[in-house]
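# Notes for the structure review
Take a look at the letters that make up each chain.
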Amino acid sequence: MASATAGARKAPAPRSRKSVTGTRRSVAALFLLPALVLLGALVVYPIGYSVVRSFYDQSGDGFAGIDNYKELFSDDGIRTALKNNIIWVVFAPTVTTALGLIFAVLTERVRWGTAFKLVVFMPMAISMLAAGIIFRLVYDQDPDKGVANAVWVGVHDTFAQSSAFPKAHPGRESPLVARGGGFVTRQTVHTGETVTLPLVGVAPDRMPDGAGKAVAPTADPGKITGTTWQDFTRGKGVGTLGAPDPTELGYAGMRIEAVKDGKVVASATAAGDGTFTLPAKADGAQLRLPASNFKEPYNGLDWLGPSLVTPAIIGSYIWMWAGFAMVLIAAGLAGVPRELLEAARVDGATEWQVFRRVTVPLLAPVLAVVAVTLMINVLKIFDLVFIIAPGSSQDDADVLALELYRKGFSEDQPGVASAIAVFLLLLVIPVMWFNIRRLRREVRR
(Lines give C-alpha, C1' and ligand atoms only; values in the text may rest on other atoms or scores of the structure.)
Protein backbone atom coordinates (compact mmCIF):
# COMPACT_ATOMS: atom_id res chain seq x y z
CA MET A 1 0.00 0.00 0.00
CA ALA A 2 2.80 2.40 0.98
CA SER A 3 4.73 1.58 -2.18
CA ALA A 4 1.63 2.17 -4.29
CA THR A 5 1.11 5.55 -2.61
CA ALA A 6 4.75 6.46 -3.22
CA GLY A 7 4.42 5.45 -6.86
CA ALA A 8 1.27 7.53 -7.17
CA ARG A 9 3.08 10.56 -5.73
CA LYS A 10 5.87 10.28 -8.27
CA ALA A 11 6.07 13.39 -10.52
CA PRO A 12 5.04 12.82 -14.16
CA ALA A 13 7.81 12.51 -16.74
CA PRO A 14 8.68 15.94 -18.30
CA ARG A 15 7.27 16.51 -21.74
CA SER A 16 8.94 18.53 -24.45
CA ARG A 17 7.58 22.09 -24.51
CA LYS A 18 5.68 23.29 -27.54
CA SER A 19 5.11 26.71 -29.04
CA VAL A 20 1.72 28.38 -29.11
CA THR A 21 1.09 26.85 -32.55
CA GLY A 22 1.73 23.35 -31.24
CA THR A 23 5.14 23.02 -32.89
CA ARG A 24 8.05 21.78 -30.83
CA ARG A 25 10.58 24.50 -30.19
CA SER A 26 13.40 22.36 -31.48
CA VAL A 27 11.56 21.96 -34.80
CA ALA A 28 10.81 25.69 -34.94
CA ALA A 29 14.49 26.48 -34.29
CA LEU A 30 15.47 24.06 -37.07
CA PHE A 31 13.25 25.89 -39.54
CA LEU A 32 14.58 29.26 -38.38
CA LEU A 33 18.22 28.17 -38.58
CA PRO A 34 18.73 29.02 -42.33
CA ALA A 35 17.26 32.49 -41.80
CA LEU A 36 19.43 33.01 -38.71
CA VAL A 37 22.54 31.90 -40.60
CA LEU A 38 21.76 34.30 -43.44
CA LEU A 39 21.00 37.11 -40.98
CA GLY A 40 24.29 36.53 -39.23
CA ALA A 41 26.28 36.27 -42.45
CA LEU A 42 24.69 39.21 -44.26
CA VAL A 43 23.86 41.61 -41.40
CA VAL A 44 25.46 40.85 -38.06
CA TYR A 45 28.93 39.89 -39.34
CA PRO A 46 29.28 42.90 -41.71
CA ILE A 47 28.21 45.27 -38.94
CA GLY A 48 30.66 43.76 -36.50
CA TYR A 49 33.47 43.73 -39.04
CA SER A 50 32.81 47.37 -39.99
CA VAL A 51 32.94 48.42 -36.34
CA VAL A 52 36.26 46.63 -35.83
CA ARG A 53 37.71 47.84 -39.15
CA SER A 54 36.85 51.45 -38.32
CA PHE A 55 39.51 51.39 -35.59
CA TYR A 56 42.33 50.31 -37.92
CA ASP A 57 44.44 52.24 -40.41
CA GLN A 58 44.34 52.12 -44.20
CA SER A 59 46.29 48.86 -44.47
CA GLY A 60 44.28 47.19 -41.72
CA ASP A 61 47.41 46.16 -39.81
CA GLY A 62 47.87 49.10 -37.45
CA PHE A 63 45.43 50.16 -34.73
CA ALA A 64 44.31 53.76 -35.41
CA GLY A 65 42.03 54.30 -32.45
CA ILE A 66 39.47 57.01 -33.10
CA ASP A 67 41.52 58.73 -35.82
CA ASN A 68 39.09 57.56 -38.51
CA TYR A 69 36.20 59.07 -36.55
CA LYS A 70 38.10 62.35 -36.17
CA GLU A 71 38.40 62.37 -39.95
CA LEU A 72 34.61 62.52 -40.19
CA PHE A 73 34.59 66.02 -38.75
CA SER A 74 37.81 67.35 -40.29
CA ASP A 75 37.53 66.21 -43.92
CA ASP A 76 35.84 68.87 -46.08
CA GLY A 77 34.15 66.31 -48.32
CA ILE A 78 32.61 64.45 -45.38
CA ARG A 79 31.45 67.69 -43.77
CA THR A 80 29.74 68.71 -47.02
CA ALA A 81 28.13 65.28 -47.18
CA LEU A 82 26.91 65.62 -43.58
CA LYS A 83 25.46 69.07 -44.31
CA ASN A 84 23.65 67.74 -47.39
CA ASN A 85 22.32 64.78 -45.41
CA ILE A 86 20.79 67.22 -42.92
CA ILE A 87 19.12 69.07 -45.82
CA TRP A 88 17.83 65.75 -47.15
CA VAL A 89 16.45 64.63 -43.78
CA VAL A 90 14.72 67.96 -43.13
CA PHE A 91 13.16 68.65 -46.53
CA ALA A 92 12.70 65.40 -48.48
CA PRO A 93 10.51 63.50 -45.95
CA THR A 94 8.57 66.65 -45.03
CA VAL A 95 7.68 67.64 -48.59
CA THR A 96 7.02 64.05 -49.67
CA THR A 97 4.70 63.40 -46.71
CA ALA A 98 2.89 66.71 -47.25
CA LEU A 99 2.33 65.95 -50.94
CA GLY A 100 1.17 62.43 -50.11
CA LEU A 101 -1.34 63.88 -47.62
CA ILE A 102 -2.63 66.43 -50.14
CA PHE A 103 -2.99 63.82 -52.88
CA ALA A 104 -4.74 61.36 -50.55
CA VAL A 105 -7.26 63.92 -49.30
CA LEU A 106 -7.98 65.58 -52.65
CA THR A 107 -8.50 62.31 -54.53
CA GLU A 108 -10.73 60.75 -51.88
CA ARG A 109 -14.01 61.95 -53.37
CA VAL A 110 -13.35 62.11 -57.11
CA ARG A 111 -14.25 59.33 -59.50
CA TRP A 112 -10.86 59.24 -61.14
CA GLY A 113 -9.06 59.19 -57.77
CA THR A 114 -7.95 55.57 -58.18
CA ALA A 115 -6.49 56.25 -61.62
CA PHE A 116 -4.68 59.33 -60.30
CA LYS A 117 -3.23 57.36 -57.38
CA LEU A 118 -2.05 54.69 -59.78
CA VAL A 119 -0.25 57.28 -61.92
CA VAL A 120 1.37 58.93 -58.88
CA PHE A 121 2.43 55.56 -57.48
CA MET A 122 3.89 54.28 -60.76
CA PRO A 123 7.36 55.89 -60.25
CA MET A 124 7.83 53.48 -57.33
CA ALA A 125 8.05 50.71 -59.92
CA ILE A 126 11.08 52.40 -61.50
CA SER A 127 14.51 51.62 -60.14
CA MET A 128 16.67 54.38 -58.69
CA LEU A 129 19.10 53.86 -61.57
CA ALA A 130 16.41 54.43 -64.20
CA ALA A 131 14.97 57.41 -62.31
CA GLY A 132 18.44 58.93 -62.09
CA ILE A 133 18.93 58.62 -65.85
CA ILE A 134 15.49 60.12 -66.51
CA PHE A 135 16.15 63.15 -64.32
CA ARG A 136 19.67 63.61 -65.66
CA LEU A 137 17.91 64.26 -68.99
CA VAL A 138 15.10 66.30 -67.41
CA TYR A 139 17.65 68.68 -65.86
CA ASP A 140 19.75 69.05 -69.02
CA GLN A 141 20.91 72.64 -69.47
CA ASP A 142 19.85 72.76 -73.14
CA PRO A 143 16.13 73.75 -73.33
CA ASP A 144 15.84 71.65 -76.48
CA LYS A 145 16.70 68.55 -74.45
CA GLY A 146 15.89 69.22 -70.78
CA VAL A 147 12.17 69.36 -69.91
CA ALA A 148 12.76 71.49 -66.82
CA ASN A 149 14.53 74.23 -68.74
CA ALA A 150 12.13 73.97 -71.68
CA VAL A 151 9.26 74.83 -69.32
CA TRP A 152 11.27 77.44 -67.44
CA VAL A 153 12.43 79.19 -70.63
CA GLY A 154 8.90 79.07 -72.04
CA VAL A 155 7.51 80.83 -68.97
CA HIS A 156 10.38 83.34 -68.96
CA ASP A 157 10.00 84.19 -72.65
CA THR A 158 6.27 84.75 -72.15
CA PHE A 159 7.06 87.78 -70.01
CA ALA A 160 10.52 88.75 -71.32
CA GLN A 161 11.07 87.93 -74.97
CA SER A 162 14.64 87.03 -75.85
CA SER A 163 16.44 88.76 -78.72
CA ALA A 164 16.40 87.22 -82.17
CA PHE A 165 19.78 88.73 -83.06
CA PRO A 166 22.31 87.65 -80.40
CA LYS A 167 25.09 87.02 -82.95
CA ALA A 168 24.45 90.01 -85.20
CA HIS A 169 27.38 92.42 -85.75
CA PRO A 170 28.61 94.95 -88.36
CA GLY A 171 30.27 93.58 -91.47
CA ARG A 172 32.93 95.10 -93.76
CA GLU A 173 32.80 98.82 -94.46
CA SER A 174 29.92 99.22 -92.03
CA PRO A 175 28.71 102.66 -90.88
CA LEU A 176 28.34 101.16 -87.37
CA VAL A 177 30.86 100.82 -84.54
CA ALA A 178 30.56 98.84 -81.32
CA ARG A 179 29.77 100.75 -78.13
CA GLY A 180 28.23 99.75 -74.79
CA GLY A 181 27.17 96.29 -75.92
CA GLY A 182 25.35 97.73 -78.94
CA PHE A 183 26.33 99.62 -82.09
CA VAL A 184 26.17 103.32 -83.06
CA THR A 185 26.59 105.17 -86.35
CA ARG A 186 29.93 106.84 -86.98
CA GLN A 187 28.24 110.04 -88.22
CA THR A 188 25.21 112.03 -87.13
CA VAL A 189 22.06 111.86 -89.25
CA HIS A 190 19.76 114.61 -90.51
CA THR A 191 16.20 114.94 -91.70
CA GLY A 192 15.53 114.14 -95.31
CA GLU A 193 18.42 111.64 -95.37
CA THR A 194 18.26 107.87 -95.69
CA VAL A 195 20.35 105.66 -93.45
CA THR A 196 21.46 102.06 -94.06
CA LEU A 197 22.40 99.91 -91.04
CA PRO A 198 23.67 96.58 -92.43
CA LEU A 199 24.54 93.71 -90.10
CA VAL A 200 25.70 90.12 -90.50
CA GLY A 201 26.01 87.06 -88.31
CA VAL A 202 22.45 85.73 -88.00
CA ALA A 203 21.83 82.30 -89.53
CA PRO A 204 18.95 82.22 -92.01
CA ASP A 205 16.99 79.75 -89.89
CA ARG A 206 17.36 82.06 -86.87
CA MET A 207 15.77 85.11 -88.48
CA PRO A 208 12.47 86.27 -86.92
CA ASP A 209 9.26 84.79 -88.30
CA GLY A 210 8.09 88.25 -89.44
CA ALA A 211 11.23 88.99 -91.45
CA GLY A 212 10.58 89.86 -95.08
CA LYS A 213 12.71 90.87 -98.03
CA ALA A 214 14.77 93.93 -97.17
CA VAL A 215 13.74 97.17 -98.91
CA ALA A 216 15.94 100.18 -99.53
CA PRO A 217 14.78 103.28 -97.60
CA THR A 218 12.94 106.12 -99.35
CA ALA A 219 13.78 109.70 -98.41
CA ASP A 220 11.07 111.63 -96.57
CA PRO A 221 11.46 115.41 -96.00
CA GLY A 222 11.30 116.33 -92.31
CA LYS A 223 12.01 112.74 -91.20
CA ILE A 224 14.87 110.28 -91.09
CA THR A 225 14.28 106.97 -92.85
CA GLY A 226 16.47 103.90 -92.97
CA THR A 227 16.79 100.15 -93.29
CA THR A 228 18.51 97.57 -91.09
CA TRP A 229 18.95 94.15 -92.64
CA GLN A 230 21.08 91.02 -93.01
CA ASP A 231 23.65 92.18 -95.55
CA PHE A 232 24.66 88.74 -96.76
CA THR A 233 23.86 86.82 -99.93
CA ARG A 234 24.97 83.20 -100.38
CA GLY A 235 27.67 82.62 -102.98
CA LYS A 236 31.06 84.19 -103.59
CA GLY A 237 30.91 87.66 -105.10
CA VAL A 238 27.08 87.67 -105.10
CA GLY A 239 25.15 90.72 -103.93
CA THR A 240 26.01 94.36 -103.36
CA LEU A 241 27.80 95.28 -100.13
CA GLY A 242 25.94 97.95 -98.14
CA ALA A 243 22.74 97.76 -100.17
CA PRO A 244 19.70 95.44 -99.82
CA ASP A 245 19.61 92.60 -102.36
CA PRO A 246 16.49 90.65 -103.41
CA THR A 247 17.31 87.59 -101.28
CA GLU A 248 18.35 89.48 -98.14
CA LEU A 249 15.99 89.80 -95.18
CA GLY A 250 15.16 92.76 -92.98
CA TYR A 251 15.75 92.70 -89.22
CA ALA A 252 12.11 92.71 -88.17
CA GLY A 253 11.64 94.07 -84.65
CA MET A 254 15.09 95.66 -84.36
CA ARG A 255 14.99 98.70 -82.06
CA ILE A 256 16.70 101.89 -83.26
CA GLU A 257 17.35 104.87 -80.97
CA ALA A 258 18.40 108.45 -81.81
CA VAL A 259 20.90 109.68 -79.21
CA LYS A 260 21.94 113.28 -78.54
CA ASP A 261 24.33 114.21 -75.73
CA GLY A 262 23.90 110.75 -74.23
CA LYS A 263 20.07 110.98 -74.14
CA VAL A 264 17.57 109.09 -76.30
CA VAL A 265 15.47 111.69 -78.14
CA ALA A 266 13.53 109.33 -80.40
CA SER A 267 13.19 105.64 -81.12
CA ALA A 268 11.64 103.33 -83.70
CA THR A 269 11.15 99.61 -84.36
CA ALA A 270 12.04 98.12 -87.73
CA ALA A 271 9.22 96.69 -89.82
CA GLY A 272 9.32 93.24 -91.41
CA ASP A 273 11.32 94.56 -94.36
CA GLY A 274 13.80 96.28 -92.02
CA THR A 275 12.64 99.85 -92.72
CA PHE A 276 12.15 102.40 -89.95
CA THR A 277 11.27 106.11 -89.62
CA LEU A 278 12.39 108.63 -87.00
CA PRO A 279 10.78 112.05 -86.41
CA ALA A 280 12.39 115.45 -87.00
CA LYS A 281 13.64 115.73 -83.40
CA ALA A 282 16.22 113.01 -84.26
CA ASP A 283 17.97 115.56 -86.52
CA GLY A 284 21.66 115.81 -85.65
CA ALA A 285 21.65 112.65 -83.51
CA GLN A 286 23.62 109.44 -83.80
CA LEU A 287 21.61 106.28 -84.35
CA ARG A 288 22.12 103.46 -81.90
CA LEU A 289 21.17 99.80 -81.99
CA PRO A 290 20.95 99.18 -78.22
CA ALA A 291 22.42 96.14 -76.49
CA SER A 292 18.93 94.76 -75.83
CA ASN A 293 18.79 93.81 -79.52
CA PHE A 294 21.75 91.49 -79.11
CA LYS A 295 21.38 89.87 -75.71
CA GLU A 296 21.85 86.11 -75.64
CA PRO A 297 18.63 84.11 -75.45
CA TYR A 298 17.66 83.02 -71.96
CA ASN A 299 18.94 79.50 -71.47
CA GLY A 300 17.19 78.60 -68.22
CA LEU A 301 18.66 77.57 -64.90
CA ASP A 302 21.73 75.49 -64.27
CA TRP A 303 19.77 72.84 -62.38
CA LEU A 304 22.80 70.62 -61.90
CA GLY A 305 25.15 73.46 -61.00
CA PRO A 306 26.71 73.77 -57.53
CA SER A 307 23.90 75.87 -56.03
CA LEU A 308 20.85 73.91 -57.27
CA VAL A 309 22.06 70.33 -57.64
CA THR A 310 20.92 69.15 -54.18
CA PRO A 311 17.38 70.66 -54.43
CA ALA A 312 17.11 69.25 -57.96
CA ILE A 313 17.97 65.73 -56.81
CA ILE A 314 15.59 66.05 -53.86
CA GLY A 315 12.90 66.94 -56.43
CA SER A 316 13.53 63.67 -58.26
CA TYR A 317 13.31 61.77 -54.96
CA ILE A 318 9.97 63.41 -54.16
CA TRP A 319 8.69 62.43 -57.61
CA MET A 320 9.51 58.80 -56.84
CA TRP A 321 8.29 58.55 -53.25
CA ALA A 322 5.23 60.83 -53.13
CA GLY A 323 3.15 57.90 -54.36
CA PHE A 324 4.40 55.70 -51.51
CA ALA A 325 3.41 58.34 -48.96
CA MET A 326 0.03 58.86 -50.66
CA VAL A 327 -0.89 55.16 -50.60
CA LEU A 328 -0.06 54.73 -46.90
CA ILE A 329 -1.87 57.92 -45.92
CA ALA A 330 -4.88 56.99 -48.06
CA ALA A 331 -5.05 53.65 -46.21
CA GLY A 332 -5.01 55.52 -42.90
CA LEU A 333 -7.63 57.97 -44.17
CA ALA A 334 -9.94 55.08 -45.04
CA GLY A 335 -9.97 54.14 -41.35
CA VAL A 336 -10.90 57.62 -40.10
CA PRO A 337 -14.46 57.59 -38.63
CA ARG A 338 -16.68 59.53 -41.04
CA GLU A 339 -19.00 60.50 -38.18
CA LEU A 340 -16.33 62.80 -36.76
CA LEU A 341 -15.86 64.59 -40.06
CA GLU A 342 -19.61 64.98 -40.60
CA ALA A 343 -20.09 66.18 -37.04
CA ALA A 344 -17.48 68.88 -37.57
CA ARG A 345 -19.20 70.00 -40.78
CA VAL A 346 -22.59 70.07 -39.06
CA ASP A 347 -21.07 72.28 -36.34
CA GLY A 348 -20.16 74.80 -39.03
CA ALA A 349 -16.51 73.98 -39.65
CA THR A 350 -15.14 74.80 -43.09
CA GLU A 351 -13.38 72.16 -45.16
CA TRP A 352 -10.01 73.71 -44.27
CA GLN A 353 -10.87 73.58 -40.54
CA VAL A 354 -12.02 69.96 -40.88
CA PHE A 355 -8.77 69.10 -42.60
CA ARG A 356 -6.53 70.98 -40.16
CA ARG A 357 -8.27 70.21 -36.87
CA VAL A 358 -9.85 66.79 -37.47
CA THR A 359 -8.28 64.93 -40.38
CA VAL A 360 -4.62 65.76 -39.72
CA PRO A 361 -4.73 65.00 -35.94
CA LEU A 362 -6.44 61.67 -36.60
CA LEU A 363 -3.83 60.84 -39.24
CA ALA A 364 -0.91 61.92 -37.04
CA PRO A 365 0.24 58.33 -36.26
CA VAL A 366 0.24 57.41 -39.96
CA LEU A 367 1.99 60.65 -40.93
CA ALA A 368 4.67 60.01 -38.30
CA VAL A 369 5.30 56.47 -39.58
CA VAL A 370 5.56 57.69 -43.18
CA ALA A 371 7.88 60.59 -42.29
CA VAL A 372 10.15 58.44 -40.12
CA THR A 373 10.32 55.69 -42.77
CA LEU A 374 11.35 58.27 -45.35
CA MET A 375 13.96 59.69 -42.97
CA ILE A 376 15.58 56.27 -42.73
CA ASN A 377 15.43 56.00 -46.50
CA VAL A 378 17.06 59.37 -47.23
CA LEU A 379 19.87 58.77 -44.76
CA LYS A 380 20.98 55.97 -47.07
CA ILE A 381 20.39 57.82 -50.36
CA PHE A 382 23.11 57.06 -52.89
CA ASP A 383 21.86 56.09 -56.35
CA LEU A 384 20.17 59.34 -57.36
CA VAL A 385 23.08 61.49 -56.22
CA PHE A 386 25.66 59.30 -57.94
CA ILE A 387 23.78 59.25 -61.27
CA ILE A 388 22.16 62.69 -61.53
CA ALA A 389 24.96 64.94 -60.26
CA PRO A 390 27.59 65.56 -62.99
CA GLY A 391 31.26 65.29 -62.15
CA SER A 392 31.63 69.08 -61.95
CA SER A 393 29.12 69.39 -59.11
CA GLN A 394 29.15 65.96 -57.51
CA ASP A 395 31.23 67.30 -54.63
CA ASP A 396 28.50 69.87 -53.93
CA ALA A 397 25.79 67.17 -53.97
CA ASP A 398 27.80 64.73 -51.85
CA VAL A 399 26.02 62.66 -49.17
CA LEU A 400 27.36 60.24 -46.57
CA ALA A 401 26.52 57.08 -48.52
CA LEU A 402 28.26 58.45 -51.62
CA GLU A 403 31.25 59.56 -49.55
CA LEU A 404 31.41 56.04 -48.05
CA TYR A 405 31.60 54.62 -51.58
CA ARG A 406 34.30 57.11 -52.57
CA LYS A 407 36.46 56.51 -49.52
CA GLY A 408 36.10 52.75 -49.74
CA PHE A 409 36.61 52.21 -53.47
CA SER A 410 37.98 55.35 -55.16
CA GLU A 411 40.33 56.71 -52.51
CA ASP A 412 41.24 53.37 -50.90
CA GLN A 413 40.56 54.42 -47.31
CA PRO A 414 38.61 51.46 -45.91
CA GLY A 415 39.11 52.59 -42.32
CA VAL A 416 37.41 55.94 -42.93
CA ALA A 417 34.73 54.26 -45.04
CA SER A 418 33.98 51.86 -42.17
CA ALA A 419 33.77 54.80 -39.76
CA ILE A 420 31.23 56.48 -42.06
CA ALA A 421 29.21 53.24 -42.21
CA VAL A 422 29.16 52.98 -38.41
CA PHE A 423 28.23 56.66 -38.13
CA LEU A 424 25.33 56.12 -40.56
CA LEU A 425 24.19 53.14 -38.49
CA LEU A 426 24.23 55.27 -35.35
CA LEU A 427 22.13 57.90 -37.11
CA VAL A 428 19.58 55.35 -38.33
CA ILE A 429 19.17 53.42 -35.05
CA PRO A 430 17.29 56.15 -33.10
CA VAL A 431 14.92 56.73 -36.02
CA MET A 432 14.28 52.99 -36.36
CA TRP A 433 13.74 52.67 -32.62
CA PHE A 434 11.19 55.49 -32.69
CA ASN A 435 9.40 53.86 -35.62
CA ILE A 436 9.28 50.43 -33.98
CA ARG A 437 7.96 51.89 -30.72
CA ARG A 438 5.20 53.72 -32.55
CA LEU A 439 4.24 50.61 -34.52
CA ARG A 440 4.04 48.53 -31.35
CA ARG A 441 1.91 51.20 -29.70
CA GLU A 442 -0.45 51.09 -32.64
CA VAL A 443 -0.66 47.27 -32.46
CA ARG A 444 -1.55 47.43 -28.75
CA ARG A 445 -4.44 49.78 -29.54
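Scope of this entry: the structure provided in the associated data block. Predicted, not measured: the structure shown is a model, and the values here were computed from it.

Conventions and cut-offs
- All residue numbers here refer to positions counted from 1 along the written sequence of the relevant chain.
- Confidence filtering applies because this is a predicted model: local features only for residues at pLDDT of at least 70, side-chain atom pairs given and counted only at 80 or more, and all residues used for totals across whole chains, interfaces and linings.
- Excluded from the side-chain calculation are hydrogens and water; included are all heavy atoms of the structure.
- Simply put, an axis is a line fit to the C-alpha atoms, just over the touching stretch for a helix, and the angle between two N-to-C directions goes from 0 to 180 degrees.
- Runs of H or I in DSSP of at least four residues are treated as helices and runs of E of at least two as strands, each being numbered from the N terminus.
- Any angle that falls under 35 degrees is termed roughly parallel, while one over 145 is termed roughly antiparallel, one within 65 to 115 roughly perpendicular, and all others oblique.
- Helix crossings get a hand from a simple test, with the near helix turned counterclockwise from the far one by less than a right angle marking a left-handed crossing and a clockwise turn marking a right-handed one.
- When checking whether two residues touch, look at their non-hydrogen atoms; a contact exists if any pair is within 4.5 Å.
- When residue character is reported, Ala, Val, Leu, Ile, Met, Phe, Trp, Tyr, Cys and Pro are called nonpolar, Asp, Glu, Lys and Arg charged, and the others, Gly included, polar.
- Here, nonpolar core refers to any group of buried Ala, Val, Leu, Ile, Met, Phe, Trp, Tyr and Cys residues whose side-chain atoms link them within 4.5 Å.
- To sort residues, take the accessible area from a 1.4 Å probe on protein chains only and compare it with the maximum for the residue type: under 20% means buried, over 50% means exposed, and anything in between is partly exposed.
- Pairing between two strands is assigned when DSSP locates at least 2 bridges connecting them.
- Note on definitions: salt bridges are taken to be side-chain nitrogens of Lys or Arg within 4 Å of carboxyl oxygens of Asp or Glu.
- Helices are assigned an expected span. That span is 1.5 Å times one less than the residue count.
- Within 3.5 Å is the distance limit for a polar contact, defined as a pair of N or O atoms, with the added protein rule that one can donate a hydrogen and the other accept it, and that residues adjacent in sequence qualify only through two side-chain atoms.

### With respect to the packing of helix α4 (residues 76-106) against helix α10 (residues 351-379)
- Following both chains from N to C, one finds α4 and α10 inclined at 140 degrees, their axes separated by 9 Å at the closest point. Taken together, α4 and α10 sit at an angle that is classed as oblique. As for how α4 packs across α10, the hand of that crossing is right-handed. Facing Asn85, Trp88, Val89, Ala92, Pro93, Thr96, Thr97, Leu101 and Val105 of α4, the residues of α10 in contact are Phe355, Val360, Leu363, Leu367, Val370, Ala371, Leu374, Met375, Val378 and Leu379.
- Partitioned by chemical class, the residues of the contact of α4 with α10 number 16 nonpolar, 3 polar and no charged.

### Remarks on the nonpolar core
- One finds Trp88, Tyr139, Ile313, Tyr317 and Leu384 to be the most contacted residues of the largest nonpolar core, which totals 46 residues.
- Residue contributions to this core peak at 14 residues, all from helix α8 (residues 309-334).
- Setting aside residues up to four positions removed in sequence, Leu384 forms contacts with Met128, Ala131, Gly132, Ile313, Ser316, Tyr317 and Ala389.
- Phe165, Ile224, Ala258 and Leu287 belong to the second largest nonpolar core, which has 27 residues in total.

### Quick look at the sheet that holds strand β6 (residues 263-269)
- Spatially, β1-β2-β8-β5-β6 is the arrangement adopted by the 5 strands of the open sheet, whose pairing is antiparallel. What marks the edges here is a single partner per strand, and that holds for β1 (176-179) and β6. Ignoring which end each strand starts from, the neighbouring axes of this sheet average 30 degrees apart.
- Inspection of the sheet shows strand β5 (residues 255-260) paired to strand β8 (residues 286-289) by 3 bridges, in the antiparallel sense. Looking across to β8, one finds that Glu257 is bridged to Arg288.

### Considering unusual backbone geometry
- Of note, the phi angle at Asp261 is positive, near 50 degrees, even though the residue is not glycine.
- Of note, Asp261 is situated in the loop between β5 and β6.

### Brief notes about the pattern of salt bridges
- Using the criterion set out here, one finds 12 salt bridges in the structure.
- Two residues, Arg288 and Glu257, come together in a salt bridge whose shortest N-O distance is 2.7 Å. With Arg288 in strand β8 and Glu257 in strand β5, the pair connects residues that are 31 residues apart, well separated along the chain.
- With relative accessibility at 26%, the residue Arg288 sits in the partly exposed group.

### Concerning the packing of α4 against helix α12 (residues 400-410)
- Between α4 and α12, the least distance of the axes is 8 Å, while the angle of their chain directions is 155 degrees. Judged by the angle between their axes, α4 and α12 are roughly antiparallel. Here α4 contributes Gly77, Ile78, Ala81, Leu82 and Asn85 to the contact with α12, which in turn contributes Leu400, Glu403 and Lys407.
- The class makeup of the residues in the contact of α4 with α12 is 4 nonpolar, 2 polar and 2 charged.

### Concerning the environment of Asp209
- Here Asp209 lies in the loop between β3 (194-199) and β4 (224-230).
- Exposure remark for Asp209: the relative accessible area of 83% places this residue in the exposed category.

### Considering the pairing of β1
- Strand direction decides the pairing type here: β1 and strand β2 (residues 182-185), joined by 4 bridges, are antiparallel. By the bridge assignment for β2, Val177 is matched with Val184.
- As consecutive antiparallel partners, β1 and β2 are separated by 2 residues, and within that stretch Gly180 has a phi angle of approximately 60 degrees, a positive value.

### Describing α4
- Compared with an ideal rise of 1.5 Å per residue, which puts 31 residues at 45 Å, α4 spans 44 Å between its outermost C-alpha atoms and is within 8% of the ideal.
- Taken together, the buried positions of α4 are Ile78, Ala81, Asn84, Asn85, Trp88, Ala92, Pro93, Thr96, Thr97, Gly100, Leu101 and Ala104.
- Structurally, the start of α4 carries an N-cap: the backbone nitrogen of Gly77 is 2.9 Å from a side-chain oxygen of Asp75.

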